[in-house]
Amino acid sequence: MTVKELGKRARKTQSFLSLVTTEDKNRALNFIADALESNADLIIEANKKDLEAGEKNGLGAGLLDRLMLDSSRIKGIADGVREVAYLEDACGKTVYEYNKDNGLKIKKITVPIGVIGIIFEARPNVTADAAALCLKSGNAVILRGGKEAINSNKAIAEIMRGALEKAGFPKDVIQLVEDTSRQSSNDMMTMNEYLDCLIPRGGKGLIKAVVENSTVPVIETGSGNCHIYVDESADTDMAAEIIFNAKTQRISVCNACESLVIHSAVIGEALPKIKARLDEKNTEIRGDERARAVCPEIKEASEEDFYTEYLDYIISVKTVDSLDEAIEHINEHSTHHSEAIITNNNANAEKFMQCIDSSSVYVNASTRFTDGNEFGLGAEIGISTQKLHARGPMGLAQLTSTKYLIYGNGQVRK
């Protein structure tokens, strides 16, 4: 089936979705969650095919980790769908009211965007997360995953579509593009008559391609070259623990720390502690000249390293002489996703939070918390690094638009 045919089918569901109740949506979501759990063996079997193909094609450890599904992860996906069902409905909210002297009553309410397209890579959990959020916010969704996860995505999508029918919904509210060629992505980027919005989720190359080539409006989600700055007043033991978590708890995610910035006044104390913790996970450190003077065994960093999202057990280190220099370095090299400062100086913390131009900025905490569920949004559609409409973890509210409703009794404009 062509991508345009999927678009036509999605558009036909709009009348149904415009009238569906919150209770109906929640029931459908719970049916989906139950179906995913009860069919876990089927999903795992399909996922094994993808993992075998990935290993054969030389996928790295980080990508294989993103790709892998087991019973625990499937339960987590199902629980995420249930959490979306429990969230307050973002549609139908009144955000503005105005009564004119002539008797016109004007009201502005939140409404679904319409049909959302999502292009993503080797993360099959996105299939369920994105579909759940789109369904709860009243949107139809067309999902186009990468070839690395095609078998997993097909299994998950078919299970969800079956659950939708059981709940009395048109199954075409959720659709999967099974053609993983570049052409199918290109078709989605120019399908303005059927897609109201396109969201890319994946690496820097994918996001760049969609942003530069799409005629469909795009919500840009970002890759994560996330920084942690160790200030001169930092508790270096706490810094080592936070950095260990942010870098190694899960290397394949966009909120993992990729870059360290350390004040020269504490690098002699801080870097050996940080290195000792990172050594536990055999993490390669690439540092500048002053970092290597403290720990000669670490590798030399290139300028490119300071821009790199590794998604691997690798991290860069830049030495600075001031908070201002740290802020300047981070804003220049960041992808504007998540950054953190480790400090005991409240004024430095506040300045860092005000001056860092990223969607999420932390004081004395791991960047790993940048996540829709952790922020109380339920499953997320992605982390937006743009500044229009949505920024940071995107939940239900970011998948709605607005429209005005005007009630009259014969008024005409003079």
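Anything mentioned here points back to the structure above.
Residues numbered from 1 in each chain as written. Predicted model: local features only at pLDDT ≥ 70, side-chain atom pairs only at ≥ 80, totals over all residues. Heavy atoms only, no water.

Draft legend 1. View of the pairing of strand S1 (residues 94–99). In this sheet, strand S2 (residues 105–112) lies alongside S1 in antiparallel orientation, the contact comprising 5 bridges. Bridge pairing in S2 links asparagine 99 to lysine 105. Counted along the chain from S1 to the antiparallel partner S2, the turn is 5 residues long, and its residue glycine 103 has a positive phi close to 100°. (Pairing = 2+ DSSP bridges. Helix = DSSP H or I, 4+ residues; strand = E, 2+ residues; numbered from the N terminus.)

Draft legend 2. Region of interest: the packing of aromatic side chains. What the rule picks out here adds up to 3 aromatic pairs. For the ring pair phenylalanine 16 and phenylalanine 169, a centre distance of 5.0 Å and an interplane angle of 70° mean the geometry is edge-to-face. With phenylalanine 16 in helix H2 (residues 14–19) and phenylalanine 169 in the loop between helix H8 (150–166) and strand S5 (174–176), this residue pair connects regions lying 153 residues apart in the sequence. When the ring centre of phenylalanine 31 is taken as reference, the NZ or CZ atom of lysine 166 above it lies at 5.1 Å. The aromatic ring of phenylalanine 244 is capped on one face by arginine 277, whose charged end is 3.9 Å from the ring centroid. (Phe/Tyr/Trp six-rings, centres within 6.5 Å; stacked < 30°, edge-to-face > 60°. Lys NZ or Arg CZ within 6 Å of the ring centre and 35° of its normal.)

Draft legend 3. Up close: the nonpolar core. In terms of nonpolar packing, the biggest core is built from 68 residues, with Leu36 and Ile118 touching the most fellow members. With 8 residues, the single largest contributor to this core is helix H7 (residues 125–136). Counting 28 residues, the second largest nonpolar core, distinct from the first, contains Cys257, Leu271, Ala340 and Tyr362. (Core = buried A, V, L, I, M, F, W, Y, C linked by side-chain atoms within 4.5 Å. Buried < 20%, exposed > 50% of the residue type's maximum accessible area, 1.4 Å probe, protein only.)

Draft legend 4. Structural view of the packing of helix H6 (residues 71–86) against H7. The N-to-C vectors of H6 and H7 enclose an angle of 10°; their axes lie 10 Å apart at closest approach. As the angle between them shows, H6 and H7 are arranged roughly parallel. Together, Ile77, Val81, Val84, Ala85 and Tyr86 of H6 and Asn125, Ala128, Ala132, Leu133 and Lys136 of H7 make up the contact between the two elements. (Axes fitted to C-alpha atoms, helices over the stretch in contact; angles between N-to-C directions. Parallel < 35°, antiparallel > 145°, perpendicular 65-115°, else oblique. Contact = heavy atoms within 4.5 Å.)

Draft legend 5. The pattern of salt bridges, seen in detail. Applying the stated criterion across every chain yields a total of 29 salt bridges. Taking the shortest distance from any N to any O, the salt bridge between arginine 161 and glutamate 158 comes out at 3.6 Å. Note that arginine 161 and glutamate 158 are positioned in helix H8 at a spacing of 3 residues, about one turn of the helix. One network of salt bridges, with partners in common, ties together Asp34, Glu37, Lys75, Asp79 and Arg82. (Salt bridge = Lys/Arg side-chain N within 4 Å of Asp/Glu carboxyl O.)

Draft legend 6. Representation of a negative patch on the surface in the model. On the surface, Asp41, Glu45, Glu52 and Glu55 cluster together into a negatively charged patch. By the element assignment, glutamate 52 lies in helix H4 (residues 40–56). Residue classification places glutamate 52 among the exposed residues on the basis of a relative accessible area of 55%. (Patch = residues over 30% accessible without salt bridge, like charges linked within 9 Å, V, L, I, M, F, W, Y side chains within 5 Å. Areas by Shrake-Rupley, 256 points an atom, 1.4 Å probe, with all protein chains shown as cover. Lys, Arg positive; Asp, Glu negative; His and termini not counted. Charge placed at Lys NZ, Arg CZ, Asp CG, Glu CD.)

Draft legend 7. Highlighting helix H12 (residues 267–279). In this model, H12 (13 residues) spans 17 Å end to end at C-alpha, consistent with the 18 Å of a helix rising 1.5 Å per residue. Taken as a whole, H12 has its buried residues at Ile267, Ala270, Leu271, Ile274, Lys275, Arg277 and Leu278. Taken around the axis of H12, the buried residues stretch over an arc of 160°, which confines them to a single face. Along its buried surface, H12 packs onto strand S7 (226–230), helix H11 (236–248), strand S8 (257–263), strand S9 (284–287), helix H13 (289–294) and strand S11 (314–320). (Expected span 1.5 Å × (residues − 1). Arc of directions from axis to C-beta.)

Draft legend 8. Geometry of the side chain of arginine 368. Along the polypeptide, arginine 368 turns up in the loop between strand S13 (360–363) and strand S14 (383–384). Buried charged residue arginine 368 carries no salt bridge. Nearest counter-charge: aspartate 371, at 6.1 Å. At a separation of 2.7 Å, a polar atom in the side chain of arginine 368 contacts the side chain of asparagine 255. (Polar contact = N/O pair within 3.5 Å; in protein donor to acceptor, adjacent residues only side chain to side chain.)

Draft legend 9. Geometry of helix H14 (residues 323–333). Residues of H14 that are buried: Leu323, Ala326, Ile327, His329, Ile330 and His333. Buried positions in H14, seen along its axis, are confined to an arc of 165° and lie on one side of it. Against the buried residues of H14 lie S7, S8, S11, strand S12 (338–342) and helix H15 (346–355).

Draft legend 10. Molecular detail of the sheet that holds strand S16 (residues 400–407). Here we have 3 strands laid out as an open sheet, ordered S1-S2-S16, and antiparallel in their pairing. On the outer flanks of this sheet lie S1 and S16, each paired with one strand and no other. Along the sheet, successive strands turn relative to each other by an average axial angle of 20°, direction set aside. The pairing of S2 with S16 spans 8 bridges and is antiparallel. Following the sheet pairing, lysine 107 is matched in S16 by leucine 405.

Draft legend 11. How the structure looks around the sheet that holds S11. If you walk across this open sheet you meet the 7 strands as S10-S9-S11-S8-S7-S12-S13, and the pairing is parallel. Since the sheet does not close on itself, it has two edges, and those belong to strand S10 (299–300) and S13, each with one partner. The pairing of S8 with S11 spans 5 bridges and is classified as parallel. By the bridge assignment for S11, histidine 263 is matched with valine 320. Along the sheet, H11 contacts S7, S8, S11 and S12; its crossing angle with S7, the most-contacted strand, is approximately 170°. Strands in contact with H12 are S7, S8, S9 and S11; relative to S8, the strand with the most contacts, it is inclined by about 155°.

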